[in-house]
Amino acid sequence: MATAGQVIRCKAAVAWEFNQPLVIEEVEVAPPQEKEIRIKIVATGVCQSDLYFLSKCSNQTAFPVVFGHEAAGVVESIGPGVTEFQPGDTVIPLFMPQCRECRLCKSPKTNLCVNGSAGKIDERSFERSRISCRGRKLLQFLGTSSFSEFTVVKEMSVAKIDPAAPLDRVCLIGCAICTGYGAAVNTAKVEAGSSCAVFGLGAVGLAAVMGCKAAGASRIIAIDINPDKFEKAKVLGATDVVNPNDHSRPIQQLLQEMTGGGVDFSFECIGNVEVMRSALESCAPGWGVSVIAGWTDMENFSAPPIHLMTGRKWTGTLFGGFKGKDGVAQMVKAYLDRKLMVDEFITHNLRLEQINEAVELMKNGRCIRAVLSVSPQ
């Protein structure tokens, strides 16, 4: 492309300060360096993780920053040493890299990569950034920064996808859908005929419901304090819906009564340590598995050891256990083969300039996913 090797000036939504509205700015995006790729972002979802780091996170040193990590776009140019991609390739940037060379990438037991940061932020994070504004480097959130018309990402943090895929939909596969769906099919390994409980019906929780159904669960109990989400949960596979506020007894006690002793699998998809314990306690002793899929770094969780000594298992998941490059391509294919629902998660389509409207919709629980149109394809 004509812009290859040049600094690109484009629009981005910049978070200058903690818990303040994002500002649409003209930013400068440097050319990609060794083993890097510059991507034109076509569409991006607004994820609860973006909101968490904007307004809740205990680490407030991550500013100024360009958020966004759930996106799809087209390769604009490549840096020296890049062998896997060419300009024009259709891609999804990854916050979970897959170098395919480290001991973690080579192991079938994990989707972690030694090059992953899992949200770690330090001064070097700013130094590595290829995005700047007003003479200042802007942090690239999770190495991605999809709230920008262009971004630069490491080759190991990009998945090539089928060019037939609609980018304004499959962008959600870059975070929420893989996280929730994979929590069920990869991490918990939900069994056919089992009972499941999903706590929290945001995009991750709804994807977990979908994953439980795909795995053949016979009973899927969807739990949220916002009843507006219940119909969507039923569309995606929930057999029962429960609002804890409608009951006087603890939710784990209610679930034990509903299932004759506890569910086989439970999923915490909120990032609330009290709900994590409730999800564990809702599991059947002897074999129940509870998976933490919701993110928080503000508090530690705890539970009586007897809950685990009696056979329950408590585990967690990042990106649903999917290896980044392989898993994303696999999930996009499943969507194109009509084996995976994605469109059903999108409740609002907005422009990048409406980013603050999208943030408010998410904060107030009035949407499952808002997808922002960033650049024309």
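Since this is a predicted model, take the numbers as computed values, not measurements.

Caption draft 1: Up close: the overall build of the chain. When you go through the chain residue by residue, the secondary structure sums to twelve helices and 19 strands. Considering only C-alpha atoms, the chain reaches an extent of 65 × 40 × 35 Å along its principal axes. When each of the 377 residues of the chain is scored for burial, the buried share is 57%. The contacts in the chain between residues at least 6 apart in sequence include a share of 71% that link residues at least 24 apart. Accessible surface, the chain as shown: approximately 15,900 Å² in total, 50% of it carbon and sulfur. Distance from the positive charge centre (39 side chains) to the negative charge centre (39 side chains) of the chain: 4 Å.

Caption draft 2: How the structure looks around the sheet that holds strand S13 (residues 219-223). Spatially, S14-S13-S12-S15-S16-S17 is the arrangement adopted by the six strands of the open sheet, whose pairing is parallel. For this open sheet the edge positions go to strand S14 (240-242) and strand S17 (313-316), each flanked by a neighbour on one side alone. Direction aside, the axes of adjacent strands within the sheet are offset by 15 degrees on average. Bridging between strand S12 (residues 195-199) and S13 involves five bridges; their strand directions are parallel. Paired with Ser 195 across the two strands is Arg 219, which belongs to S13. Sheet contacts for helix H8 (residues 251-259): S12, S13 and S14; angle to S13, the most-contacted strand, approximately 160 degrees.

Caption draft 3: Fine view of the side chain of Thr 317. Its location among the elements puts Thr 317 in the loop between S17 and helix H11 (324-336). Among the residues examined, Thr 317 registers a relative accessible area of 11% and is labelled buried. Here Thr 187 takes part through its side chain, which lies 2.9 Å from a polar atom of the side chain of Thr 317. Dropping the residues within four chain positions of it, Thr 317 is found in contact with Thr 179, Ala 183, Thr 187, Val 291, Ile 292 and Ala 293.

Caption draft 4: Structural detail: the sheet that holds strand S8 (residues 136-137). If you trace the four strands from one edge of the open sheet to the other, you get S1-S2-S7-S8, paired in antiparallel fashion. Looking at which strands have only one partner, the edges of the open sheet turn out to be strand S1 (8-14) and S8. Looking at chain direction, strand S7 (residues 131-133) and S8 are connected through two bridges and run antiparallel. Within S8, the residue paired with Ser 132 across the bridge is Lys 137.

Caption draft 5: Molecular detail of the pairing of strand S2 (residues 23-29). Here seven bridges tie S1 to S2, and the two strands are oriented antiparallel to one another. Looking at the pairing, Ala 12 lines up with Glu 25 of S2. As paired elements, S2 and S7 share two bridges and run antiparallel to each other. Counterpart to Glu 28 in the pairing with S7 is Ser 132.

Caption draft 6: Here's a closer look at the domain arrangement of the chain. For the chain, the assigned domains are domain 1 (177-320) and domain 2 (345-376). Each of domain 1 and domain 2 has a C-alpha centre, and these two points are 26 Å apart. The interface of domain 1 with domain 2 comprises ten residues on the first partner and four residues on the second. Buried surface at the junction of domain 1 and domain 2, both sides included, amounts to about 600 Å², of which 77% is carbon and sulfur. When the area that domain 1 buries against domain 2 is broken down by residue, the three leading residues are Ala 203, Lys 229 and Lys 232, summing to 56%.

Caption draft 7: Geometry of H8. Listing the buried residues of H8 in full gives Ile 251, Gln 252, Leu 254 and Leu 255. On an axial view of H8, the arc spanned by its buried residues comes to 155 degrees, and they lie on one face. Those residues of H8 hidden inside the fold are in contact with S12, S13, S14 and helix H9 (273-281). Once H8 finishes, Gly 260 follows within two positions and takes phi at roughly 70 degrees, a positive value.

Caption draft 8: Quick peek at the nonpolar core. By size, the foremost hydrophobic cluster in this structure holds 64 residues, and its most contacted members are Val 170, Ile 173, Val 190, Phe 267, Val 328, Leu 340 and Phe 345. In terms of residue count, the dominant contributor to this core is helix H6 (residues 203-214) (eight residues). Here this core spans two domains, since at least three of its residues come from each of domain 1 (177-320) and domain 2 (345-376). The residues touching Phe 345, leaving out its near neighbours within four places in the chain, are Leu 172, Ile 177, Ala 203, Leu 206, Ala 207, Met 210, Leu 236, Ile 368 and Arg 369. If you look at the next biggest cluster of nonpolar residues, it comprises 51 residues, including Phe 63, Ile 131, Cys 367 and Leu 372.

Thresholds, definitions, all that
- Residues numbered from 1 in each chain as written.
- Predicted model: local features only at pLDDT ≥ 70, side-chain atom pairs only at ≥ 80, totals over all residues.
- Heavy atoms only, no water.
- Helix = DSSP H or I, 4+ residues; strand = E, 2+ residues; numbered from the N terminus.
- Buried < 20%, exposed > 50% of the residue type's maximum accessible area, 1.4 Å probe, protein only.
- Contact = heavy atoms within 4.5 Å.
- Areas by Shrake-Rupley, 256 points an atom, 1.4 Å probe, with all protein chains shown as cover.
- Lys, Arg positive; Asp, Glu negative; His and termini not counted.
- Charge placed at Lys NZ, Arg CZ, Asp CG, Glu CD.
- Pairing = 2+ DSSP bridges.
- Axes fitted to C-alpha atoms, helices over the stretch in contact; angles between N-to-C directions.
- Polar contact = N/O pair within 3.5 Å; in protein donor to acceptor, adjacent residues only side chain to side chain.
- Domains from an automatic or database assignment.
- Buried area = accessible area lost by both parts, 1.4 Å probe.
- Arc of directions from axis to C-beta.
- Core = buried A, V, L, I, M, F, W, Y, C linked by side-chain atoms within 4.5 Å.

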